[in-house]
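What the coordinates show
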Amino acid sequence: MENIPLTWQLIKIALILVMFVTMAPFMVWWERRACAFIQDRVGPNRVGPLGLLQPVADAIKLLFKEEFFPAKANKFLYLLAPCLSLFVSLFVFAVIPLAAPIEIDGKILYPQIANINIGILYILAISSLGVYGIMIGGWSSNNKYSLLGGLRSSSQMISYELTMGLAVATMVLFNGTFDMQKIVEAQAGIHWGVLYQPVGFFLFLVAALAESNRVPFDLPEGETEIVGGYHTEYGGMKFGSYFFAEYLNIVTLSAVMVTLFFGGYYGLGWLNNYLNGGAILNALLQFVAFGIKVFLFLSFFIWVRWTYPRFRYDQVMRLGWKVLLPIAIGNLLVTALLIYWGVF
Amino acid sequence: MDWFVYGFAGFSIAAAIMVITRKNPIISALYLCLTLFSLAGLFVMLGAYFIAAVQVLVYAGAIMVLFVFVIMLLNLDPEKLDIKSFHPPKVLSVFSAFLLFGFLAFIFWNNKLTGITGVDTQALVDQNGGHLKVISAKLFTTFLLPFEITSILLLVAIVGAVIMAKRRV
Amino acid sequence: MDYSKVMLITSAAIFAIGFAGVLLRRNALIIFMSIELMLNAVNLALASISFSLNSLDGQVFVFFVMTVAAAEAAVGLGIIIAIYKNRKTIDLYDLRLLQG
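Presented here is an overview of the structure given in this document.

Rules used in this analysis
- Residues numbered from 1 in each chain as written.
- Chains lettered and ligands numbered in written order.
- Predicted model: local features only at pLDDT ≥ 70, side-chain atom pairs only at ≥ 80, totals over all residues.
- Heavy atoms only, no water.
- Helix = DSSP H or I, 4+ residues; strand = E, 2+ residues; numbered from the N terminus.
- Rg over C-alpha atoms; globule rule 2.2 N^0.38 Å.
- Buried < 20%, exposed > 50% of the residue type's maximum accessible area, 1.4 Å probe, protein only.
- Contact = heavy atoms within 4.5 Å.
- Areas by Shrake-Rupley, 256 points an atom, 1.4 Å probe, with all protein chains shown as cover.
- Lys, Arg positive; Asp, Glu negative; His and termini not counted.
- Charge placed at Lys NZ, Arg CZ, Asp CG, Glu CD.
- Arc of directions from axis to C-beta.
- Expected span 1.5 Å × (residues − 1).
- Buried area = accessible area lost by both parts, 1.4 Å probe.
- Salt bridge = Lys/Arg side-chain N within 4 Å of Asp/Glu carboxyl O.
- Polar contact = N/O pair within 3.5 Å; in protein donor to acceptor, adjacent residues only side chain to side chain.
- Nonpolar A, V, L, I, M, F, W, Y, C, P; charged D, E, K, R; others polar.
- Axes fitted to C-alpha atoms, helices over the stretch in contact; angles between N-to-C directions.
- Parallel < 35°, antiparallel > 145°, perpendicular 65-115°, else oblique.
- Left-handed = near helix turned anticlockwise from the far one by under 90°.

**Re the overall build of chain C**
Counting secondary structure elements, chain C contains three helices and zero strands. When the helices and strands of chain C are placed in sequence order, the string is α-α-α. Its C-alpha atoms give chain C a radius of gyration of 17 Å, more than 25% over the compact-globule value 13 Å for 100 residues. When its C-alpha atoms are laid out on the principal axes, chain C stretches across 50 × 25 × 20 Å. Counting the 100 residues in chain C, one finds 58% classified as buried. For chain C, the proportion of contacts with a sequence separation of at least 24, taken over those separated by at least 6, is 56%. As displayed, chain C has an accessible area near 3800 Å², and 68% of this comes from carbon and sulfur atoms. Within chain C, the 6 negative side-chain charges are centred at a point lying 14 Å from the centre of the 7 positive side-chain charges.

**Focus: helix α6 (residues 131-140) of chain B**
Those residues of α6(B) lying buried are B:His131, B:Leu132, B:Val134, B:Ile135, B:Lys138 and B:Leu139. The buried residues of α6(B) occupy an angular sector of 165° when the element is viewed end-on, so they sit on one face.

**Overview of helix α11 (residues 236-261) of chain A**
Residue and element names in this part refer to chain A. Helix length check: α11 (26 residues) gives 38 Å between terminal C-alpha atoms against 38 Å at 1.5 Å per residue, within 8%. Along α11, 21 of the 26 residues are buried, which leaves the element largely enclosed by surrounding structure. Once α11 finishes, Gly263 follows within two positions and takes phi at roughly 85°, a positive value.

**A word on the interface of chain A and chain B**
Across the contact, 22 residues belong to chain A and 23 residues belong to chain B. Note on chain A versus chain B: buried area summed over both sides is about 1900 Å², and carbon and sulfur give 82% of it. It is A:Tyr132, A:Met135 and A:Trp139 in chain A that bury the most area against chain B; as a group they hold 28% of the surface buried on that side. In this assembly, chain A and chain B are joined by zero salt bridges. Scanning the region where chain A abuts chain B turns up two residue pairs in polar contact (both at pLDDT 80 or more). When contributions to the side of chain A that touches chain B are tallied by element, the ones reaching two or more residues are α3 (75-92), α4 (119-127), α5 (130-140) and α6 (144-175) of chain A. Looking at the side of chain A that touches chain B, the element that brings in the most residues is α5(A), giving five residues. Residue classes in the side of chain A that touches chain B are distributed as 16 nonpolar, six polar and no charged.

**Quick notes on the packing of α6(A) against helix α14 (residues 313-340) of chain A**
Residues and elements named next belong to chain A. Packing of α6 against α14 brings their axes to within 9 Å, and their N-to-C directions diverge by 15°. Between α6 and α14, the interaxial angle falls into the category roughly parallel. Crossing geometry of α6 relative to α14 is assigned as left-handed.

See the structure below:
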């Protein structure tokens, strides 16, 4: 149990939050550089060295845009929707473990905002609230393209939540606990989750792409299809909030994938033995390992975005309900049988 | 710690009053989500973490999404939203609600629950590594029959909802 | 640490508020939401009594109540949609065809 004094907890929460929120501008920059590399061009390189201040330029541009409200739109709901999206995206990251528990003179410090024993259930619960921001934004804009985009996105998100939950359930069944720290500790050495549950990992990957409205599941906001979907009528910092929330969602889903299937923060332990460091260096190396793995997954998301065309809406629904859900249920059944027969 | 309980309780009562007094159904639905959240907070204060998470996952994340969907798709005219929102016998309804509250509060305040203890003490929960294992064990042994019947009930509800909302081709 | 009394009074209050909502409103959707409020009040009462009686059976029962509420919400909203398609209104005053 965590028993550090309140001020340390607040400092820890502030540090983790600042680090997490900085990931969104980083994603803005990295996405544009990586997609330029894939498309054989240079990308942003004017604003600061290597274009690193491009997100700052984007933020300043969005702040200075005109604030308008669509005619006959419900003003309160129109303003509430981006806030809801951002709220949910910020809340989900709270339970992801960044390093092993550190012991500092008898007090145990968990390097995450909160260590609850139903970690994965909390993530599923809060990410299922992500539908509200999009649905309310799409409806309150009083625009038929927004409404279509909002409906498509919400039905896509609730359909793929099932597959995500079942893929997570196989990992929970395998480890016997919902606690994220214990799931990472069970993957020490070479026992990474993906080696035991490859189908579960693949299902979770596809469901994560769909949940975050990324290509190839990007029809709700596809520019050439429905003008921009649920964020058609949003400009300026409101659009910035939606954008921010989407990138934070991607970072969180990558972090969850790394934690469940790719060994969490393990990976650089051999370096610690080589350098003969103490507990703090160990925690730092674990944090760096976690960061590298999340970065690789973010690059994978960007890579997929700029490689594949987008699915049509009926193809998305068919994939979610008729292909992925039966595979997920079958995977759960097979895992349960293997655990019952003592193979795992 | 006490102030969390009083805060969540007061917040849920205030949000519940807002649910029944708003003209716009979407605002009522959002206030109901807020009520469900504060109730989840109360569940956490009781140590029932699992049902707090299930409350947010199922109630606030699925059932209320369904409500908001239906309200949006019904697309009621704005004029129809507020003519005479309240049913005329207002005073009698409010009075009977107060009477019901007084009756229930009297029973709950003077309860005789002290001295009775069940078997699932905190020690048993800690021994089993968390309340989740104990609840799951109960769900699949003592409560197996309601579990299976609930799954059939959900199947019936799916079929019924699809048939009800289908277009008559 | 014994919050049971506060929680039970809160549960009674939310139940009474839901009850008032069912009696006071004319919009079928808001009445449905008030019914959900009543179900949630019952969930809270079950959970707090299970806490003070040291028995986890109450929490399992809450789980079942939530599942049944989900099924009932799905079917009930389907009925409301069907009524709206038929009569173009969900105001209870206009839906009194069977009243004697």
